[in-house]
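# Observations on the three-dimensional arrangement
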Amino acid sequence: MAAAATCSTGTRSTGSMVVAASRNNVTSFQRRGPRTSGTDSGCSRLVSISGTRPSVRNGQLLVSTGLPALDQLLGGGLAVGTVLLIEEDKYNIYSPLLFKYFLAEGIVTGHTLLVASAKEDPADILQELPAPLLDDNCKKECDEDICNHKTESNVKMKIAWRYQLLPKIEARPVSSSRFGHYYDVSKRIPQELIEASKWHGFFLPEKISSTLNEDPCSLNHGYIKLLQFIQNIIYKEGFDGSNPQKKQKNILRIGIQNLGSPLWGDDICWTENCDSNCSLTKFLYMLRGLLRTSLSACIITVPTHLIQNKAIIARVTNLSDTVVGLESFIGSEKETNPLYKDYHGLIHIRQIPQLNNLICDVSDVKDLAFKLKRKLFTIEPCG
């Protein structure tokens, strides 16, 4: 009898669940929504970090590079826990712009910055960041650029069909509350934004002594100091993924300028016979290990055109997650080529990370050019 009563009760409870589900137009096989406790709530809090959004492809948390057109090319943005390597252009004119866009986006979104350089004082780099363009002002600037572009295109031949099949790159601004912002390179970021931000600076000449003797079989002293500095910030301020922050979660944006150049004490730019004990590749390997378990994203600019050993370049690429190359037309034959007369250089998407997989993806988008206008840096299909 007890068993029959239990069975009867179960039948009634099941029937009531079906009725409740039908009233809400939800079947018993559908999820009603995210839970409010346990691991799901932690995931929900992670996604709600300012200046981030989940990838529509794999749910990986993304941050903006500060250049919405580049975000689109990279699959929505830069994944948290990864390295974006920028191959500097020959005269290092345009790569600093991408570096500053990344840092400026961090200030606007309230992220913590870590700026490392062997050439410029990080405080001076922050003073040179571009000013954000928000809403109406941004729309006005982009409308002017689009109008000028249409005027020029009226006198051009019809674009080849292969360019018409390329994905459209966003040119218009979005609301300041959305993911990614636009910046005016002719103006500097307001001082009050810098003062309200939290940042850490690593200026190599202030961190090392010229009298130190280096061990040729290990990392050079500059790289060791930088790794220790990054590690201390990640662990002490709670960006370590294995030791979650007790307060409101935030992102650490790391920017490293001219890594691998002689200013860092690296010899890869003037010797071809580098062995497997290359300091730069060791540094990148250990840096990725730090980033993988932390709420951080890193941008590094490297003068790859100065590196003599091509095998080192291949290793550096493999140790990076995303690789973007800038090719300036200054001093090259392409500067006088009519095909490129409206642009200042080419942008090459060398590598895009295929997260949770063993191989890296390669972008299908080719023939991309960049143009530095009066106030905006734009990326367009060229042709």
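Just above sits the structure.
Notes on the structure follow. Sequence order as written defines residue numbering, which begins from 1 separately in each chain. Local features in this predicted model are restricted to residues of pLDDT 70 or higher, and side-chain atom pairs are both shown and tallied only at a pLDDT of 80 or more, whereas totals for entire chains, interfaces and linings draw on every residue. Heavy atoms from the whole structure form the basis of all side-chain values; hydrogens and water molecules are not counted.

### So, the pattern of salt bridges
How we decide: When a carboxyl oxygen of Asp or Glu lies within 4 Å of a side-chain nitrogen of Lys or Arg, that pair is called a salt bridge. Where helices and strands are cited, they refer to DSSP runs of H or I of at least four residues and of E of at least two residues respectively, numbered from the N terminus.
Scanning all chains against the criterion turns up eight salt bridges. The shortest N-O distance in the salt bridge between Glu128 and Lys100 comes to 3.1 Å. In this pair, Glu128 sits in the loop between helix H5 (122–127) and strand S6 (130–133) while Lys100 sits in helix H4 (residues 95–109), placing the two residues 28 residues apart along the sequence. Where Lys198 meets Glu237, a salt bridge forms, and the shortest distance between an N and an O atom there is 3.3 Å. Placement of the pair is Lys198 in the loop between helix H8 (191–196) and strand S8 (199–203) and Glu237 in the loop between helix H10 (221–236) and strand S9 (252–256), with a sequence separation of 39 residues. Within this structure, Arg288, Arg292 and Asp321 form a network of salt bridges that share partners.

### A closer look at the pairing of S9
To be explicit about the condition: Exposure classes here rest on a 1.4 Å probe applied to the protein chains alone. A residue is buried below 20% of its type maximum, exposed above 50%, and partly exposed in between. One requirement defines pairing of two strands: DSSP has to find at least two bridges between them.
Most of S9 sits out of view: five of its five residues are buried. Of the strand pairs in this sheet, strand S5 (residues 112–117) and S9 are connected by five bridges, and their pairing is parallel. Note that in S9 the partner of Leu113 across the bridge is Arg253.

### Some words on the packing of H10 against helix H11 (residues 279–292)
Selection rule: Only the contacting stretch of a helix is used when fitting its axis, a line to C-alpha atoms as for every element, and angles between N-to-C directions run 0 to 180 degrees. Here the angle decides the label: under 35 degrees means roughly parallel, over 145 means roughly antiparallel, 65 to 115 means roughly perpendicular, and every other value means oblique. By definition in these notes, contact holds between two residues if any of their heavy atoms fall within 4.5 Å. In this count, Pro and Cys sit with the nonpolar residues alongside Ala, Val, Leu, Ile, Met, Phe, Trp and Tyr, while Asp, Glu, Lys and Arg are called charged and the others, Gly among them, polar.
Packing of H10 against H11 leaves a shortest axis separation of 11 Å and a crossing angle of 5 degrees. In this view, H10 runs roughly parallel relative to H11, as classed from their interaxial angle. Taken together, the residues of H11 that come into contact with H10 (itself represented by Tyr223, Leu226, Leu227, Ile230, Gln231, Ile234 and Tyr235) are Ser279, Leu280, Phe283, Met286, Leu287 and Leu290. Looking at the contact of H10 with H11, its residues break down into eleven nonpolar, two polar and no charged.

### As for the side chain of Thr109
To keep things clear, this is the line we draw: Two N or O atoms form a polar contact when they lie within 3.5 Å of each other; inside protein one atom must be a possible hydrogen donor and the other a possible acceptor, and for residues adjacent in sequence the pair counts only when both atoms belong to side chains.
Relative to the helices and strands, Thr109 resides in helix H4. Looking at Thr109, its side chain comes within polar contact range of the side chain of His111, at 3.4 Å. For Thr109, the contacting residues outside a window of four places in its chain are Ser50, Gly51 and His181.

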